[in-house]
Amino acid sequence: MLVPAATSGRAVLISGITVIVAMAGMFLTGNGIFMGFAEARSSWCSRPSSAR
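Residues numbered from 1 in each chain as written. Predicted model: local features only at pLDDT ≥ 70, side-chain atom pairs only at ≥ 80, totals over all residues. Heavy atoms only, no water.

1. Overview of the overall build of the protein chain
Our working rule: Helix and strand assignments follow DSSP, with helices taken as H or I runs no shorter than four residues and strands as E runs no shorter than two, numbered in order from the N terminus. Throughout, exposure labels follow a simple rule: accessible area from a 1.4 Å probe, protein chains only, divided by the maximum for the residue type, with under 20% read as buried, over 50% as exposed, and the rest as partly exposed. Residue-level accessible areas treat just the shown protein chains as cover; the underlying method is Shrake-Rupley with a 1.4 Å probe.
When helices and strands are counted, the protein chain shows two helices and zero strands. The proportion of buried residues among the 52 residues of the protein chain is 4%. With an accessible surface of roughly 4,200 Å², the protein chain has 74% of that area assigned to carbon and sulfur atoms.

2. A few points about a nonpolar patch on the surface
Stated formally: Residues enter patches when they are more than 30% accessible in relative terms and free of salt bridges; like-charged ones are connected within 9 Å and nonpolar ones (Val, Leu, Ile, Met, Phe, Trp, Tyr) within 5 Å. What makes a salt bridge here is a side-chain nitrogen of Lys or Arg within 4 Å of a carboxyl oxygen of Asp or Glu, nothing more.
Together, Leu13, Ile14, Ile17 and Val21 give the surface a local cluster of nonpolar side chains, amounting to about 390 Å² of exposed area. Looking at the element boundaries, Ile14 is found in helix H1 (residues 2–29).

3. A closer look at H1
Test applied: One less than the residue count of a helix, multiplied by 1.5 Å, gives the span that helix is expected to have.
When the terminal C-alpha atoms of H1 are compared, their 41 Å separation across 28 residues agrees well with the 40 Å that a helix rising 1.5 Å per residue should span. Phi turns positive one or two residues past the end of H1, at Gly30, with a value near 80 degrees.

4. A few points about the environment of Glu39
With respect to the secondary-structure elements, Glu39 resides in helix H2 (residues 32–46). Separated by 16 residues in sequence, Glu39 and Met23 have C-alpha atoms that sit 8.7 Å apart.

Printed below as a string of structure tokens:
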């Protein structure tokens, strides 16, 4: 059970890092549409789960 848990945990970590890099890339492009997507996603993630 430890090996599957470690493997799935690693997959979640890698996908999380991928999302963070993608959001940072959207901000760094300077394109208004991409920045809007990144800002909207960031504000949605920072809301409490009861407000979603």
